[in-house]
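Topology and contacts: notes
As a plain string of letters, each chain reads:
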Amino acid sequence: MAVILRVSLFLLGVLFIFIGFGFLTDPVGSGAGFGLALADETSAQGLSSLRGDFTSFFWVTAGCLIIGAWKANATLLHTAAALIGTVCAVRAMSVFVDGTYEGWMMPMGVELLATLLALTAARVLPELQ
């Protein structure tokens, strides 16, 4: 079970690294993939926000997942679960307030899976050390 948890969290971490890299190198394109559009695609402030906020979110979460799984560090895994779980909870609230959109279940499914895996690993992996 420990190997499955570690591999799963590592793969999710790699996915989040790639998503963050997309925001770093192509904030307009990556933002569009998330339903975000800049009013002016040359806006330094908008580009900076997309690059900084989204890259940092995905890379910090990825680091917590990967390092937390590797070292069986419950604190890092709880941090990742808090970050991803908050996103999932707020998305769920938004579905009720704003309604659904095409493809809304996929990101929430990934976020819920990542949250549950991180919480499970935080409980299980330190006990196996």
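The residue numbers shown here count from 1 along each chain, following its written sequence. At least 70 in pLDDT is required for a residue's local features to be given in this predicted model, at least 80 for side-chain atom pairs to be given and counted, and no such filter applies to totals for whole chains, interfaces and linings, which use all residues. Only hydrogens and water are set aside; all other atoms, that is, all heavy atoms of the structure, feed into the side-chain values.

**So, the side chain of Thr115**
As a reminder of what qualifies: Each helix corresponds to a stretch of at least 4 residues labelled H or I by DSSP, and each strand to a stretch of at least 2 residues labelled E; elements are numbered beginning at the N terminus. Three labels apply to residues, based on accessible area from a 1.4 Å probe with only protein chains included: buried if under 20% of the type maximum, exposed if over 50%, partly exposed otherwise in between. Identification of polar contacts relies on pairs of N or O atoms within 3.5 Å, with a donor-acceptor requirement for protein atoms, meaning one able to donate a hydrogen and the other able to accept it, and with residues adjacent in sequence counted only if both atoms are side-chain atoms. Any two residues having at least one pair of non-hydrogen atoms within 4.5 Å are treated as being in contact.
Residue placement: Thr115 occurs in helix H5 (residues 105-128). The class of Thr115 is buried, set by a relative accessible area of 10%. A distance of 3.2 Å separates a polar atom in the side chain of Thr115 from the backbone nitrogen of Gly85. Once residues within four sequence positions are removed from consideration, Thr115 is found in contact with Ala81, Ile84 and Gly85.

**Regarding helix H1 (residues 2-25)**
What counts is decided by this rule: One less than the residue count of a helix, multiplied by 1.5 Å, gives the span that helix is expected to have.
Relative to the 34 Å expected for 24 residues at 1.5 Å per residue, H1 spans 34 Å between its end C-alpha atoms, a close match to the ideal helical length. All of the buried residues along H1 are Ala2, Leu5, Leu9, Leu12, Gly13, Phe16, Gly20, Gly22 and Phe23.

**As for the pattern of salt bridges**
So the rule is basically this: The rule for a salt bridge is simple: a side-chain nitrogen of Lys or Arg has to be within 4 Å of a carboxyl oxygen of Asp or Glu.
Scanning the entire structure with this criterion turns up one salt bridge. For the salt bridge of Arg91 with Glu111, the shortest nitrogen-to-oxygen distance reads 2.8 Å. Of this pair, Arg91 sits in helix H4 (residues 74-98) while Glu111 sits in helix H5, placing them 20 residues apart in sequence. The exposure class assigned to Arg91 is partly exposed, which follows from its relative accessible area of 22%. Taking the relative accessible area as the measure of exposure, Glu111 reaches 9% and is therefore buried.

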